[in-house]
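Chains, contacts and geometry: an overview
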Amino acid sequence: MKRQFLSSTWVILMAVFVFALTGCAGCGGKRAEDVSSLPGVYKGEATLVLPEQLKAMVKADADGKKLIPDGPVPCKLRINEHPNGGVTIEIEEFEMPMQGVNIAPAACQVTQSGKTFTLSGEGNVKVGDNSIDYSHEGTIEKGNMDLTITVPLIPMLVEPQIVFKGEKEK
């Protein structure tokens, strides 16, 4: 009897867990059916959010060039429609602070609640032979994009964020 109770409990817990992972389509909206208004170039600024202690540890390169900017950096993000119904985001017109950094376009799932689109997904940055994964989430409403990119260097301890705020170019 005790064994059946434990087995039943585990089955119910697993069912709830699977439902939570698959049943929540954005937890505030439903999967966006029409993302045709999203593609284009979004011009704005990206700000690196990093603890001051960590900023102090990063030194300038051999040429005296800072690797961490002091304030917001102008940049552009391009959104392209993806055949599976989502979108991809890629950096456009941005100079990397060091050579050999490659950021591939990142796929996004898109949900919609009213006129607000919510983007979420994952991507990676390659620096030489090394790769660093990141996650991103944000919203687009009336042509304005707010996107937060989180890079877990040391998960739960050192997770710098890049916050992009911009608007769609006409």
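Below or above, wherever it landed, is the structure these notes cover. All figures in this text were calculated on a predicted structure; none of them were measured in a lab.

This brings us to the overall build of the protein chain. Along its length, the protein chain carries two helices and ten strands. In the protein chain, the succession of α and β elements from N to C terminus is α-β-β-α-β-β-β-β-β-β-β-β. Expressed as a percentage of its 170 residues, the buried residues of the protein chain come to 24%. Nonlocal contacts in the protein chain, meaning residues at least 24 apart in sequence, comprise 48% of its contacts between residues at least 6 apart. On the protein chain, roughly 11800 Å² of surface is accessible, and the fraction owed to carbon and sulfur atoms is 58%.

The next thing to look at is unusual backbone geometry. Backbone geometry at Lys142 places phi at a positive 55 degrees, although glycine is not the residue there. By secondary structure assignment, the location of Lys142 is in the loop between β8 (130-141) and β9 (144-150).

Take the nonpolar core next. Residues Leu38, Ile79 and Leu119 are the most contacted members of the largest nonpolar core, which totals 23 residues. At the level of secondary structure, the elements contributing two or more residues to this core comprise β2 (40-49), β3 (73-81), β4 (87-92), β6 (106-113), β7 (116-127), β8 and β9. Apart from residues lying up to four places away in sequence, Leu119 is in contact with Leu38, Ile79, Val87, Ile89, Cys108, Gln109, Val110, His136, Glu137, Gly138 and Ile140.

With that settled, consider the environment of Gly40. Along the chain, the position of Gly40 falls in strand β2. Considering only alpha carbons, one finds Gly40 and Glu81, 41 residues apart in sequence, at a separation of 9.2 Å. Those residues in contact with Gly40 that sit more than four places away from it in its chain are Leu77, Arg78, Ile79 and Lys168.

A word on a nonpolar patch on the surface. On the surface, a nonpolar cluster with roughly 390 Å² of combined accessible area is contributed by Ile132, Leu153, Ile154 and Leu157. The topology assignment puts Leu157 in the loop between β9 and β10 (161-168).

This part covers the environment of Pro72. Along the chain, Pro72 turns up in the loop between α2 (52-57) and β3. Relative accessible area serves as the criterion here: at 46%, Pro72 is assigned to the partly exposed category. C-alpha of Pro72 to C-alpha of Lys165: the two residues are 93 residues apart in sequence and 9.9 Å apart in space. Pro72 has contacts with Glu45, Ala46 and Thr47, leaving out every residue within four places of it along the chain.

Our focus in this paragraph is the pairing of β7. The pairing of strand β5 (residues 101-103) with β7 spans three bridges and is antiparallel. By the bridge assignment, Ile103 is partnered in β7 with Val125. With seven bridges connecting them, β6 and β7 associate as antiparallel partners. By the bridge assignment for β7, Ser113 is matched with Thr116. Here β6 folds back onto β7, and the loop between the two strands holds two residues, one of which, Gly114, carries a positive phi near 65 degrees. Between β7 and the antiparallel strand that follows it, β8, lie two residues; Gly128 among them carries a positive phi value of about 65 degrees.

Thresholds applied
- Residues numbered from 1 in each chain as written.
- Predicted model: local features only at pLDDT ≥ 70, side-chain atom pairs only at ≥ 80, totals over all residues.
- Heavy atoms only, no water.
- Helix = DSSP H or I, 4+ residues; strand = E, 2+ residues; numbered from the N terminus.
- Buried < 20%, exposed > 50% of the residue type's maximum accessible area, 1.4 Å probe, protein only.
- Contact = heavy atoms within 4.5 Å.
- Areas by Shrake-Rupley, 256 points an atom, 1.4 Å probe, with all protein chains shown as cover.
- Core = buried A, V, L, I, M, F, W, Y, C linked by side-chain atoms within 4.5 Å.
- Patch = residues over 30% accessible without salt bridge, like charges linked within 9 Å, V, L, I, M, F, W, Y side chains within 5 Å.
- Salt bridge = Lys/Arg side-chain N within 4 Å of Asp/Glu carboxyl O.
- Pairing = 2+ DSSP bridges.

By themselves, these are just geometric observations and shouldn't be taken as functional.
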